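Below are the chains, spelled out letter by letter.
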Amino acid sequence: MNTRVPRWCRLAPVLALVAAAGTAMADPVVLAPELAGRYQAGTGVDAVFLKVHDDWQQSTVLWNQAEKQFGSGVAVSTYGWGTGLWGLADWQTANLNPTPGMIEGSWAGRVSQIAFGDDMYNTLYGAKWGSVDLAPLFGSGGPASQENWTSSFGGYIRITEAGLYNFSVLHDDGFFFRLRGAGSPALEIDNDFLNPRDALGFDQNLLLGVGLYSFELGAYDRLEAGVVELSWARNGSPWTRVPTENLVAFGDVTPVPEPGTWTLLLSGLLAVASLAARRRRRS
Ligand SMILES: [Ca+2]
Ligand SMILES: [Ca+2]
């Protein structure tokens, strides 16, 4: 269920509002939170970046030489030019079951936002699509090549106000994004193989409640510019990066007592205090 977020949506907030209303996706997808209720603000989510050897040649992505397209035919890696990453199948190999010697470098840790790219992206497209942090993999001492790398992010999206939301992923070259609510299969958007730089969102808005929704986002860059950025829009508002406070790591889930609970707690404490005071007076 992909929908393209027109480039001008990202540049002109007012137009974006009109566009979101115009595409008005009549029936939103109703998705109850996986963990309902109020939770403490997040500090970010856990991420893994992998650098795959540029000469790795075991891609399982299929290539149809006659039709010059991906998805059928034989594995790209059977061609002499078939080195490196070509699609989601290769992302899975790298992240779930890497072949011996496949991974040249890696970085794992907490990230406060999901907006990363390589030097070529920022140099050539930062002004147009928005600058992002350099993928931590490529810090000092990192691999010289910034080609054939993957990223992976997982945690919860924290919703503090019920309403209509949508999410979009700016990517180069490909990605998948899965969002999970209570008791229903995950909603997914993705773009397999090699694609022109773009931001894709759900083609229907999502009606979300207060609570936590788990998500997984995976992306990869084959050659030249590479980027991944997770944005959201609420009720047709402009697309913005999902803020840190709305990104909760799996290990950081802390419920916040509901106002009603506080009231009960407070009245309970007051009752105990007044009982104690009376006891003191009697004694
Ligand atoms: Ca690159
Ligand atoms: Ca690329």
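See above for the structure.
Residues numbered from 1 in each chain as written. Chains lettered and ligands numbered in written order. Predicted model: local features only at pLDDT ≥ 70, side-chain atom pairs only at ≥ 80, totals over all residues. Heavy atoms only, no water.

J.: Explain the pattern of salt bridges to me, please; I cannot follow it from the model alone.
T.: Here the idea is simple: oppositely charged side chains can pair when their charged atoms come close. Applying the stated criterion across every chain, the model contains nine salt bridges. With a shortest N-O distance of 3.2 Å, Arg 110 and Asp 252 are connected by a salt bridge. Here the residue Arg 110 occupies a position in strand 8 (residues 103-111), and Asp 252 occupies one in the loop between strand 20 (247-248) and helix 5 (259-282), the gap between them amounting to 142 residues. In this structure Arg 110 comes out as partly exposed when scored by relative accessible area, which is 39%. Judged by relative accessible area, Asp 252 falls into the partly exposed class, the value being 30%. As a salt-bridge pair, Arg 178 and Glu 188 come within 2.7 Å of each other at their nearest N and O atoms. Of the two residues, Arg 178 is situated in strand 13 (residues 174-180) and Glu 188 in strand 14 (residues 187-191); the sequence distance between them amounts to 10 residues. Look at Arg 178 and you get partly exposed, because its relative accessible area is 24%. Here the salt bridges share partners, and the residues they tie into one network are Asp 46, Arg 110 and Asp 252. (Salt bridge = Lys/Arg side-chain N within 4 Å of Asp/Glu carboxyl O. Helix = DSSP H or I, 4+ residues; strand = E, 2+ residues; numbered from the N terminus. Buried < 20%, exposed > 50% of the residue type's maximum accessible area, 1.4 Å probe, protein only.)

J.: Explain the coordination of the calcium ion (ligand 1) to me, please; I cannot follow it from the model alone.
T.: Each donor-metal-donor angle in an ideal tetrahedron of four donors is 109.5 degrees, and each such angle in an ideal octahedron of six donors is either 90 or 180 degrees. Taken together, Asp 118 (OD), Gln 146 (O), Glu 147 (OE), Asp 221 (OD) and Glu 224 (O) make up the protein donors of the calcium ion (ligand 1), found 2.1 to 2.4 Å from the metal. Between consecutive donor residues of the calcium ion (ligand 1), the sequence gaps follow D-x27-Q-E-x73-D-x2-E. For the pair the calcium ion (ligand 1) and the calcium ion (ligand 2), the metal-to-metal distance amounts to 5.5 Å, and Asp 221 bridges them. Placement of Gln 146 in the loop between strand 10 (133-134) and strand 11 (149-159) and of Glu 224 in the loop between strand 17 (211-221) and strand 18 (227-234) is noted, with a sequence separation of 78 residues between them. By relative accessible area, Gln 146 is classed as buried at 16%. For Glu 224, a relative accessible area of 53% puts it in the exposed group. (Donors = N, O, S within 2.8 Å, 3.2 Å for Na, K, Ca; no water.)

J.: So what exactly am I meant to see when it comes to unusual backbone geometry here?
T.: In the segment running from Asp 172 into Asp 173, the intervening peptide bond is cis, with an omega of 20°. Checked against the element boundaries, Asp 173 lands in the loop between strand 12 (163-172) and strand 13. A positive phi angle is found at Asn 148, which is not glycine, with a value near 55°. Tracing the sequence through the fold places Asn 148 in the loop between strand 10 and strand 11. Owing to a relative accessible area of 2%, Asn 148 belongs among the buried residues under this scheme.

J.: In this structure, what is going on with the coordination of the calcium ion (ligand 2)? I would like to understand it.
T.: The calcium ion (ligand 2) binds to the protein through Asp 172 (OD), Asp 173 (OD), Asp 221 (OD), Leu 223 (O) and Ala 225 (O); the donor distances cover 2.3 to 2.7 Å. If you list the donors of the calcium ion (ligand 2) from N- to C-terminus, the spacing comes out as D-D-x47-D-x1-L-x1-A.

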